[in-house]
Amino acid sequence: MQVIAHEPQFWFFLQHENHYYIDVNCSNSFVGFSRLIQLTEAETKAYLEKGNAFLNEFANDIQYYALSTYADRHIMGEIDNLVSEAIMEYKAKKE
């Protein structure tokens, strides 16, 4: 798992094998939480065509619809742990 892009205080974009993931910092009222989403083939294609512009649009969409549209796509478990480790390593290298 490797962080390949980052928007401070908003999202991390990661790659693991042939899959892409975005971890978005969301909020609802005064409660903060994250949503980890694996990109579909169509979303991956859009990322490869548009780059960070797509990631910012996608992250905004996830933030807005985190508790409805994207609730079922939130990943937990082993991949979530790999993402957390990759983000901690990324942050340690940036300090």
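Heads up: the structure comes first, above all this text.
Residues numbered from 1 in each chain as written. Predicted model: local features only at pLDDT ≥ 70, side-chain atom pairs only at ≥ 80, totals over all residues. Heavy atoms only, no water.

Student: So what exactly am I meant to see when it comes to the environment of Phe30 here?
Tutor: Inspection of the secondary structure puts Phe30 in the loop between β3 (19-28) and β4 (31-38). With 17 residues separating them in the primary sequence, Phe30 and Phe13 have C-alpha atoms 25 Å apart. (Helix = DSSP H or I, 4+ residues; strand = E, 2+ residues; numbered from the N terminus.)

Student: Help me out: how do you make sense of the environment of Leu82 in this one?
Tutor: Take Leu82: it is sitting in helix α3 (residues 78-94). With 21 residues separating them in the primary sequence, Leu82 and Asp61 have C-alpha atoms 24 Å apart. Contact partners of Leu82, with chain neighbours within four places excluded, come to Met1 and His16. (Contact = heavy atoms within 4.5 Å.)

Student: Teacher, can you tell me more about helix α1 (residues 41-50) here?
Tutor: Given 3.6 residues per helical turn, the α-helix brings residues three or four places apart onto the same face. Among the residues of α1, those classed as buried are Glu43, Thr44, Ala46 and Tyr47. Buried residues of α1, seen end-on, are gathered within an arc of 160 degrees and therefore sit on one face of the element. For α1, the exposed residues set more than 90 degrees away from the buried face come down to Glu41, Ala42, Lys45, Leu48 and Glu49. Contacts from the buried residues of α1 go to β1 (2-7), β2 (11-16), β3, β4 and α2 (52-65). (Buried < 20%, exposed > 50% of the residue type's maximum accessible area, 1.4 Å probe, protein only. Arc of directions from axis to C-beta.)

Student: I tried to follow the sheet that holds β2 on my own but got confused; where do I start?
Tutor: The strands making up a sheet associate through hydrogen bonds between their backbones, and the pairing can be parallel or antiparallel. Taken in spatial order, the four strands of this open sheet run β1-β2-β3-β4, and their pairing is antiparallel. Either end of the sheet is taken by a strand with one partner, and the two such strands are β1 and β4. Between one strand and the next, the sheet's axes are offset by a mean angle of 20 degrees, whatever the strand orientation. Both β1 and β2 contribute to a ladder of five bridges, which runs antiparallel. Bridge pairing in β2 links Ala5 to Phe13. Most of the contacts of α1 go to β3, to which it runs at about 90 degrees, and overall it touches β1, β2, β3 and β4. Strands in contact with α2 are β1, β2, β3 and β4; relative to β3, the strand with the most contacts, it is inclined by about 45 degrees. (Pairing = 2+ DSSP bridges. Axes fitted to C-alpha atoms, helices over the stretch in contact; angles between N-to-C directions.)

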